[in-house]
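# Results of the structural survey
If you want the building blocks of each chain, they are given just below.
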Amino acid sequence: MSEIEKIIPIEVLRYRPEQDTEPVLQTFQVPFTDDMSVLQGLQYIKDYLDGSLSFRWSCRMAICGSCGMMVNGIPSLSCKTFLRDYYPVGLRIEALAHFPIERDLVIVMDDFIEKLESIKPYIIPKKPRTLIEGEYLQTPTERDAYEQFSSCINCMLCYAACPQYGLNSKFIGPGIMALLHRYNIDSRDGGKAQRMEMVNAEDGVFDCTAVGYCSKVCPKHVDPGNAVNLNKMESAKDYFLRFVMPKGTGK
Amino acid sequence: MRAVAPNRRRPYVRSMVGWWRKNPYFVEYMIHEGSAFFVAAYALILMVGLLRLTQGEAAWNGWLTALRSPLSIAGHLILLVAMLYHAWTWFTIMPITLPPIFVAGKRLSATAITAGGLAATLLTSVLLLLLVWRLGT
Ligand code: SF4
Ligand code: FES
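All chains use their own residue numbering, which begins from 1 and follows the written sequence. To label them, take the chains in the order written and letter them from A, then take the ligands in the order written and number them from 1. In keeping with the model being predicted, local features are shown solely for residues with a pLDDT of at least 70 and side-chain atom pairs are shown and tallied solely at 80 or more, while totals for entire chains, interfaces and linings include all residues. To obtain the side-chain values, all non-hydrogen atoms of the structure were used and water was disregarded.

## What about the interface of chain B and chain A?
The cut-off we apply is this: Whether two residues touch is decided by their heavy atoms; if any such pair falls within 4.5 Å, the residues are in contact. What counts as buried area is the accessible surface, traced by a 1.4 Å probe, that two parts surrender upon association, with contributions from both included. Salt-bridge detection follows one rule: a side-chain nitrogen of Lys or Arg within 4 Å of a carboxyl oxygen of Asp or Glu. In protein, a polar contact means a hydrogen-donor-capable atom and an acceptor-capable atom, both N or O and within 3.5 Å, with residues adjacent in sequence counting only if both atoms are side-chain atoms; elsewhere, any N or O pair within 3.5 Å suffices. Secondary structure is summarised from DSSP: a helix means a run of H or I of at least four residues, a strand means a run of E of at least two, and numbering begins at the N terminus for each.
Of the residues lining the interface, 21 residues belong to chain B; the matching set on chain A comes to 38 residues. For the chain B and chain A pair, buried surface summed over both sides reaches about 2,400 Å², with 56% attributable to carbon and sulfur atoms. In terms of surface lost to chain A, no three residues of chain B exceed B:Tyr12, B:Arg14 and B:Ile96, which account for 29% of the buried area on that side. Linking chain B with chain A are one salt bridge, by the criterion used here. The partner of A:Glu102 in a salt bridge is B:Arg9, with the nearest N and O atoms 2.7 Å apart. At the junction of chain B with chain A, the criterion picks out 14 residue pairs in polar contact (both at pLDDT 80 or more). Elements with a minimum of two residues in the side of chain B that touches chain A: α1 (24-34) and α4 (70-97) of chain B.

Here it is in structure tokens:
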């Protein structure tokens, strides 16, 4: 702790379903040091000011993707955002936008998890190999092709940045598309045809209007907007190829 | 006392009303999407010109005179600004829509793609202008 302790006002959007009919703002005066993250500010509130405050976190180093929230309206990882940048004015913290609020800063993420499962986020081999045949090999170039998209930490900041998802939560959305793409372009994978059904669906990639904010807020430089837009092209190819390819192969 | 504890879950869904006013990024998005109306307006002006051309020389000349009116020139200046802004934002978003491009083994940066697009627009505009100029004189 520094010698002169600084105090910053933190406004938190509270929602306690058993007592609030709708979310309400509550302000806390939090002493802080320059090395404290927004997450640490919330932990201070929970430990010393109001133990009922709920929020998710785990790694506190931008790896687990649990601590996403709106900081002054911008989707952010609270462990990667620092209180000193908001001093002396203060800041407002709300639950991630576009998701239902379960309690305080905790959102309902069932929709995201269901979508994640639906895209089969694992390698589906082109043809099964026996142990004798050895492992699936990959060159560094083949690995580089999907590396960026494999950096996703499922933090959902891109969903909080996507107005199309906010307006219609059936839209598959940026982060899931990035993961789908990550497996589709993996040289060891053969599951593309199955996953293209998700891409081509009514609420697949074409709900995207290229707002592009998803890629701006992504803390891992995944560029999920790029994955969505590349798959618009893939989807169009998929559609036209079925006319020229013999039955069964162009799916 | 009830035998089963009541389910206290009551997820709150926030309204999307006025969503585009909540973030400067979205405000800009709405403005650049809105600038597409100016592009459509210009296409309409050209279509009318084409229509007048099919209606004979007098109609065509009438259209040309209308274009030279001060009101039309002022309108064209506004259209030009809107078109330039539209082009600028179009190329800014372009890197997000393209597959990775490799030049000499290195991935082309977003800035390079945007700059390339703008340069190509500038070049074709100048070439077109020169061509029309020569045809006109
Ligand atoms: S793509 Fe980026 S912003 Fe979206 S969930 Fe993954 S890491 Fe988070
Ligand atoms: S706590 Fe894990 S990403 Fe912030």
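From this point on, the discussion continues.
## Focus on the sheet that holds strand β2 (residues 24-32) of chain A
All names here are of chain A. Just so we agree on the cut-off: Note on pairing: DSSP must find at least two bridges between two strands before they are called paired. Here the axes come from fitting lines to C-alpha atoms, over the contacting stretch only for helices, and the angles between their N-to-C directions go from 0 to 180 degrees.
Strand order in the open sheet made by the five strands is β2-β1-β5-β3-β4, with mixed pairing throughout. The outermost strands of the open sheet, each flanked by one partner alone, are β2 and β4 (74-77). Each strand of the sheet is rotated relative to its neighbour by a mean of 35°, with strand direction disregarded. The sheet contact formed by strand β1 (residues 6-14) and β2 spans nine bridges and is antiparallel. Its bridge partner lying in β2, leucine 13 is registered against leucine 25. Sheet contacts for helix α1 (residues 38-49): β1, β2, β3 (68-71) and β5 (91-94); angle to β2, the most-contacted strand, approximately 100°.

## Focus: the nonpolar core
Rules: By convention a nonpolar core is built from buried Ala, Val, Leu, Ile, Met, Phe, Trp, Tyr and Cys residues, the set being connected through side-chain atoms within 4.5 Å. Classification of residues uses two cut-offs on accessible area relative to the type maximum, computed with a 1.4 Å probe and protein chains only: under 20% is buried, over 50% is exposed, and between them is partly exposed.
A:Ile10, A:Leu42 and A:Leu91 are the most contacted members of the largest nonpolar core, which has 65 residues in total. Membership of the second largest hydrophobic core comes to five residues, among which are A:Phe149, A:Ala178, A:Cys218 and A:Val222.

## Comments concerning the pairing of β1(A)
Note: β1(A) against β5(A), three bridges, orientation parallel. Opposite A:Val12, over in β5(A), you have A:Ile93 as the bridge partner.

## So, the environment of B:Gly75
Residues and elements named next belong to chain B. Relative to the elements of secondary structure, glycine 75 occurs in helix α4. Take glycine 75: its relative accessible area is 28%, and that puts it in the partly exposed class. Taking the C-alpha atoms as reference points, glycine 75 and methionine 30, 45 residues apart in sequence, are found 22 Å from one another.

## A short note on the site of ligand 1
Stated precisely, the cut-off is as follows: The criterion for a residue being near a molecule or strand is simple. One of its heavy atoms has to lie within 4 Å of it. Charged residues are taken to be Asp, Glu, Lys and Arg, nonpolar residues to be Ala, Val, Leu, Ile, Met, Phe, Trp, Tyr, Cys and Pro, and polar residues to be all remaining types, Gly included.
For ligand 1, the full set of nearby residues is A:Cys152, A:Ile153, A:Asn154, A:Cys155, A:Met156, A:Leu157, A:Cys158, A:Gly175, A:Cys218, A:Pro219, A:Val222 and A:Pro224. The residue makeup of the shell around ligand 1, split by class, is 10 nonpolar, two polar and no charged.

## A word on the domain arrangement of chain A
Residues and elements named next belong to chain A. Just so we agree on the cut-off: By convention here, the domain bounds are inherited from an automatic or database domain assignment.
Segmenting chain A into domains produces domain 1 (6-107) and domain 2 (110-244). In this complex, domain 1 contributes 17 residues to the contact, which on the side of domain 2 involves 16 residues. Between domain 1 and domain 2 the total buried area reaches about 1,200 Å² when both faces are included, carbon and sulfur atoms providing 70% of it. Ranking the residues of domain 1 by area buried against domain 2 places Pro75, His98 and Phe99 at the top, with a combined share of 48%. Across the contact surface, domain 1 and domain 2 share zero salt bridges. At the boundary of domain 1 with domain 2, the tally comes to four residue pairs in polar contact (both at pLDDT 80 or more). Per-element accounting of the side of domain 1 that touches domain 2 gives the leading share, four residues, to β4. Of the residues in the side of domain 1 that touches domain 2, the class split is 12 nonpolar, four polar and one charged.

## What about a nonpolar patch on the surface?
Basically, it comes down to this: Exposure above 30% relative accessible area and the absence of a salt bridge qualify a residue for a patch, where like charges join within 9 Å and nonpolar side chains (Val, Leu, Ile, Met, Phe, Trp, Tyr) within 5 Å. The Shrake-Rupley method, run with a 1.4 Å probe, gives the accessible areas here. Residue values count only the displayed protein chains as cover.
Residues A:Tyr239, A:Phe240, A:Leu241, A:Phe243 and A:Val244 make up a contiguous nonpolar surface patch of roughly 560 Å² in combined accessible area. Along the polypeptide, A:Phe243 turns up in helix α9 (residues 224-244).

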